[in-house]
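Take a look at the letters that make up each chain.
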Amino acid sequence: MMQETSEREVIDNEEKVSNEESRSSEKDSETSEARESNEDGNSGLVDEENLLVESDEESRAMENAGERDNEENSAGVYNEESRSSERDSETREVRESSQDRNSGLSDEENLLVESDEASRAAENTGERDSMQTIALTDRSVDLRLIAREIQEDFPHDFYSEHLPTLKDLIHVGPKRDTRYESRDWVEIRGPDMLWRLAQLTRVVKIEENEGENTETTFRFDARSQRDILEKDIRAPEEGLRCVFGSRPWVWQQWACLKLENALRFQDGHGHDFMLFDVKKYVADLWDMWLNHPSNTEFKQIFQDDRVGDVGRSELLDHIMKPFELIDEMKNGEGDWDFSEDGDISVYTYLSFLGSGWVVASAIAGIQIAVPILILRTTTFRRSDFINDILDFFTVSNVENLDDLDNIQGVVIAVLILYLFRIIPENFCSFFRVVGPSRSVYSRIRSFREQVWLQQEDRVGQIIGYKADTAMNTLYIVAVYAMNIYIIINSDDALDIILNSLAFEFILSLDEEVVTSSWYDPRRRWLIAGSIEVVLQYTLELRLLKSAKTFCEKYDITVDKMNQAKIKLDETENFIHDPERAKKDTTDKKFMTAEEEKNFHFANVAKQRNLQNAIAEFQKPAVYFDPAYYYFATKILRTRFGGMFNRYQSYRSWSRWEEILFISDVPELSGVFGTDGVRVSDDLDLVKHTTEKPFANISSISSECNIGTTLFIRRGLEILSLRYLVNEIKKSWSFKDHFR
């Protein structure tokens, strides 16, 4: 009996083993069939897509096999095979439909579309969680998910030609957790200090723990531009003008003139530019303008709920950028440390201040005369330059041939020094002059260049700008070429060393002078000059001289100009009106309470000839050049002009009172859709064109490095003389022949 029982158990075990083997063989055959069918379906795909599909199908086959094992225990092998066949057919249909749709697309688009199809298939089968989990130790790595993440953060050329519509440039609505998000269109301040329209591609959140407080900051990427600070980003001007109109930009022009009138170059005074609170003063001007009875239309739009906190904050941030930059300059915040920059020279001061002629002329005379004298007094043979170089390596003009080896050794050492130190150093210096570097000198020079291009600079500034450019580019090349020629033709080793040292001293003389304690020890003059150039760049003086061009720029109709009794005749004075300005500056109606108090105190001090009181209550005329100061104050006997007194003739406050509130204000019904909340889809039809371009759109591809591109472009323009020809044409068209 026991023997029969054991025999049955053996037979049962053998049957179980055979059943398990048959099931295993069925699973293997099903897996191989699934792979073969997928290989046939994917024969038209590229290798990368086949790898993704095969990896996905292997993971699905493994999961299907595991599910069939569980269901066999409850419902049998037949039901599991039917479900498996249904899933396989479903997968094949998804793949085939995806292939049909993607047959006309490029490889990059196929990858993105196939990834979307895979996500939908994963939702239908309940496998999304497994797709989003990337296990590097497992074969089921979802490469499509990785490709999608990379494509979002680092877009390829597939998106590089995409230009925004007007709807993309509008930032309105309630306050968000982050000011900007990926794919937002903004304006970015480049290394040349110009604003350019760009699309953000990545937002990086940085949290810094300082004790119990956690400070959160954000850095941004815009394709090739990385690690952009939030202060270098603002909302697009085109979108803001669509919502708010042009009236805030008219206020900005007026505020620049008011700020220039309030600032002083008077150390220790409350209105000295280093002590004056620029942000608070400008904010008070904004509040006074916003709440003016004539500005009711704009105030309603500004406080509209549809505009929201985002729209209001973005407008203020955009309009206040020049004044924030002035505040950073005078406080030395960020990278604005003027004391550490070694490229600033006496010609830089002349370029920004328009004065400083005495020192600049003396230094220029020395730098030009000394190399010429060295060249004339150096003994060399009157022969061809090429033959001199060949003779140097064969037979020299040295009388004592025993010293030939020493001379040749010194010459080679100097040439090696030039090759590995002088040439790279001067190339970097040339980049800081011509290209947009991140140094203080390069950035303030970028502002100075824009003033030159606007043709708004004074005569002294023009001469200084040209001298600064020439002495840091052409002059350096000429001096080093002259020195090499002298070295090769010298017959004394000591002369070679001394001449080389003399040339190095002469080249750096214009930079060394400004570091002297007597010149500008705290760089106050240079900082003040840089602030003036920022105001000069922001003010559009040509528009302020012509009522017609002013109306075209700031959307003012002819009817409103007629109502304000302003003629569009080019011969009539507009904002630039010296007689009206002189009268308005003494009119109490256009003074603040503090200005009226200072006006009365200054008049009493003048009557009693109290010089200290006059200096306290009346803005003094200050000049950088002592000779010009003597000429202006002693001979001309004027207290006008000088630092922060450049635009007295534009202070016609009565005319400003007429034009500050007459620019057209847009209707918000045309900005927002039928629901009155979201931006209208009709604005998607408004696009950038050559006839009506968007503000601050750049011709430089966002895929390129802006600094390098501008440097190469400007270098080629200078070498090919196109830059000189274009400047001559522009000066001739503006009838400004002096330039």
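Here the structure is a predicted model, which is why all the values come from computation and not from measurement.

**Concerning the overall build of the protein chain**
When you go through the protein chain residue by residue, the secondary structure sums to 32 helices and six strands. Counting across all 739 residues of the protein chain, residues that qualify as buried make up 44%. Only carbon and sulfur atoms are counted for the fraction: they give 53% of the accessible area of the protein chain, which is about 40,000 Å².

**Topic: helix H20 (residues 493–507)**
Given a rise of 1.5 Å per residue, 15 residues ought to cover 21 Å, and the 22 Å separating the end C-alpha atoms of H20 matches this to within 8%. Listing the buried residues of H20 in full gives Ile496, Asn499, Ser500, Phe503, Ile506 and Leu507. For H20, the angular spread of buried residues about the axis comes to 130 degrees, placing them on one side. In H20, the exposed residues that point more than 90 degrees away from the buried face are Leu494 and Leu501.

**As for the layout of surface pockets**
Reported here for the second largest pocket is a volume of approximately 1,100 Å³. Contributing to the lining of the second largest pocket are 39 residues, with Asn261, Thr585, Gln618, Lys619 and Arg651 lying nearest its centre. Contributions of two or more residues to the lining of the second largest pocket are made by helix H8 (247–262), helix H26 (578–584), helix H27 (593–607) and helix H28 (611–617). Broken down by element, the lining of the second largest pocket gets its largest block of residues, seven residues, from H27. For the lining of the second largest pocket, the per-class residue count stands at 13 nonpolar, 13 polar and 13 charged.

**Let's talk about the pattern of salt bridges**
Summed over the entire model, instances satisfying the criterion amount to 30 salt bridges. A salt bridge links Glu260 to Arg651; the shortest N-O distance between them is 2.7 Å. In this pair, Glu260 sits in helix H8 while Arg651 sits in the loop between helix H29 (626–635) and helix H30 (653–659), placing the two residues 391 residues apart along the sequence. Taken as a pair, Glu260 and Arg651 share a single burial class, namely buried. A salt bridge links Asp272 to Arg524, with the nearest nitrogen and oxygen atoms 2.9 Å apart. In this pair, Asp272 sits in the loop between H8 and helix H9 (278–290) while Arg524 sits in helix H22 (residues 524–538), placing the two residues 252 residues apart along the sequence. Because the salt bridges share partners, they merge into one network encompassing Arg179, Glu230, Glu314, Asp317, Lys321 and Glu324.

**Observations concerning the sheet that holds strand S2 (residues 195–199)**
The strand order S2-S1-S6 describes an open sheet built from three strands, whose pairing is antiparallel. Edge strands, defined here as strands with exactly one partner in the open sheet, are S2 and strand S6 (233–234).

**Focus on the nonpolar core**
Within the largest apolar cluster, 122 residues are counted, with the highest numbers of intra-cluster contacts made by Trp251 and Trp656. Among the elements that make up this core, the one with the highest residue count is H8 (nine residues). Apart from the residues within four sequence positions on either side, Trp656 is in contact with Val250, Gln253, Trp254, Leu257, Leu544, Ile575 and Tyr650. Core analysis: the second largest hydrophobic core is formed by ten residues, Leu200, Phe218, Phe220 and Ile233 among them.

**Comments concerning a nonpolar patch on the surface**
Where nonpolar side chains cluster on the molecular surface, the patch consists of Ile412, Ile416, Leu419, Phe420 and Ile423 and spans about 520 Å² of accessible area. Mapped onto the elements of the fold, Ile416 is located in helix H16 (residues 404–434). Judged by its relative accessible area of 44%, Ile416 falls in the partly exposed class.

**Quick notes on helix H11 (residues 308–319)**
Its twelve residues place the ends of H11 17 Å apart at the C-alpha level, agreeing with the 16 Å of an ideal helix rising 1.5 Å per residue. Extensive coverage of H11 is indicated by the burial of nine of its twelve residues. Turning to H11, its buried residues are Gly308, Val310, Gly311, Arg312, Glu314, Leu315, Asp317, His318 and Ile319.

**Description of the environment of Ser246**
Turning to its location among the elements, Ser246 is positioned in the loop between helix H7 (237–244) and H8. The class of Ser246 is buried, set by a relative accessible area of 0%. Along the sequence, Ser246 and Ile662 sit 416 residues apart, while their C-alpha atoms lie 9.9 Å from each other. Non-local contacts of Ser246, meaning those with residues more than four positions away in its chain, are made with Arg241, Lys553, Tyr554, Asp555, Ser663 and Asp664. Among the polar contacts made by the side chain of Ser246, one reaches the side chain of Arg241 at a distance of 2.8 Å.

**Looking at the packing of aromatic side chains**
Per the counting criterion, the structure on display carries 28 aromatic pairs. Considering the side-chain rings of Phe298 and Phe302, the 6.0 Å spacing of their centres and the 25 degrees angle between planes classify their relative orientation as stacked. Separated by four residues within a single helix, Phe298 and Phe302 lie in helix H10 (residues 296–302), roughly one turn from each other. Take Phe298 and Phe302: they sit in the same class, and that class is buried. Through a chain of ring-to-ring contacts, the aromatic side chains of Phe244, Trp251, Trp286, Trp289, Phe298, Phe302, Phe323 and Phe661 assemble into a single cluster. In this arrangement the basic side chain of Arg241 is found over the ring face of Trp249, its NZ or CZ atom lying 4.6 Å from the centre.

**Quick notes on the confidence of the model for the protein chain**
On average, residues of the protein chain carry a pLDDT of 76, and 67% of them reach 70 or more. The secondary-structure element of the protein chain with the lowest mean pLDDT is helix H5 (residues 128–132), recorded at 44, while H8 shows the highest, at 96. Contacts from residues 61–84, a stretch scored under 50 in pLDDT, to residues over four places away or in other chains number 23 contacts. Of the regions scoring below 50 in pLDDT, residues 97–115 engages in 29 contacts with residues more than four places distant in sequence or in other chains.

**Remarks on the packing of helix H19 (residues 474–488) against H20**
Across the interface, H19 lies against H20 with an axial gap of 10 Å and an inter-helix angle of 175 degrees. For the element pair H19 / H20, the angle class is roughly antiparallel. On H20, the residues that touch Tyr475, Ile476, Val479, Tyr480, Met482, Asn483, Ile486 and Ile487 of H19 are Ile496, Asn499, Ser500, Phe503, Glu504, Ile506 and Leu507. Taken together, the residues of the contact of H19 with H20 break down into eleven nonpolar, three polar and one charged.

**Remarks on the packing of H8 against helix H12 (residues 321–331)**
For the pair H8 and H12, the least separation of the axes is 10 Å and the interaxial angle reads 30 degrees. The angle between H8 and H12 places the two elements in the roughly parallel class. Residues Trp251, Gln252, Ala255, Cys256 and Leu259 of H8 form the contact with H12, whose own contacting residues are Pro322, Phe323 and Ile326. Split into classes, the residues belonging to the contact of H8 with H12 amount to seven nonpolar, one polar and no charged.

**Regarding the pairing of strand S5 (residues 225–228)**
Sheet topology places strand S4 (residues 213–222) next to S5; two bridges connect them, and they run antiparallel. Note that in S5 the partner of Ala222 across the bridge is Gln225. The loop that links S4 with its antiparallel partner S5 comprises two residues; one of these, Arg223, has a positive phi angle of about 60 degrees.

**Focus on the environment of Glu658**
Mapped onto the secondary structure, Glu658 falls in helix H30. When the C-alpha positions of Glu658 and Ser294 are compared, they lie 10.0 Å apart, and in sequence the two are 364 residues distant.

**Considering the pairing of strand S1 (residues 185–189)**
Remember that side chains alternate between the two faces of the sheet whenever the strand is regular. Burial analysis of S1 places five of its five residues in the buried class, which makes it a mostly covered element. The alternating pattern of S1 places Trp185, Glu187 and Arg189 on one face and Val186 and Ile188 on the opposite face, and all of these are buried. Where S1 folds back on S2, the antiparallel hairpin that results is connected by five residues, among which Met193 adopts a positive phi of roughly 70 degrees. Bridge count for S1 against S6 is two bridges, and the pairing is antiparallel. Among the inter-strand pairings, Glu187 is bridged to a residue of S6, identified as Arg234.

Cut-offs and rules
Residues numbered from 1 in each chain as written. Predicted model: local features only at pLDDT ≥ 70, side-chain atom pairs only at ≥ 80, totals over all residues. Heavy atoms only, no water. Helix = DSSP H or I, 4+ residues; strand = E, 2+ residues; numbered from the N terminus. Buried < 20%, exposed > 50% of the residue type's maximum accessible area, 1.4 Å probe, protein only. Areas by Shrake-Rupley, 256 points an atom, 1.4 Å probe, with all protein chains shown as cover. Expected span 1.5 Å × (residues − 1). Arc of directions from axis to C-beta. 1 Å grid on protein atoms, 1.4 Å probe; cavity = no way out; pocket = protein on both sides within 12 Å on 5 of 7 lines; lining within 4 Å. Points joined across faces, edges and corners; volume = space filled by probe spheres on them. Nonpolar A, V, L, I, M, F, W, Y, C, P; charged D, E, K, R; others polar. Salt bridge = Lys/Arg side-chain N within 4 Å of Asp/Glu carboxyl O. Pairing = 2+ DSSP bridges. Core = buried A, V, L, I, M, F, W, Y, C linked by side-chain atoms within 4.5 Å. Contact = heavy atoms within 4.5 Å. Patch = residues over 30% accessible without salt bridge, like charges linked within 9 Å, V, L, I, M, F, W, Y side chains within 5 Å. Polar contact = N/O pair within 3.5 Å; in protein donor to acceptor, adjacent residues only side chain to side chain. Phe/Tyr/Trp six-rings, centres within 6.5 Å; stacked < 30°, edge-to-face > 60°. Lys NZ or Arg CZ within 6 Å of the ring centre and 35° of its normal. pLDDT = per-residue confidence, 0-100. Axes fitted to C-alpha atoms, helices over the stretch in contact; angles between N-to-C directions. Parallel < 35°, antiparallel > 145°, perpendicular 65-115°, else oblique.

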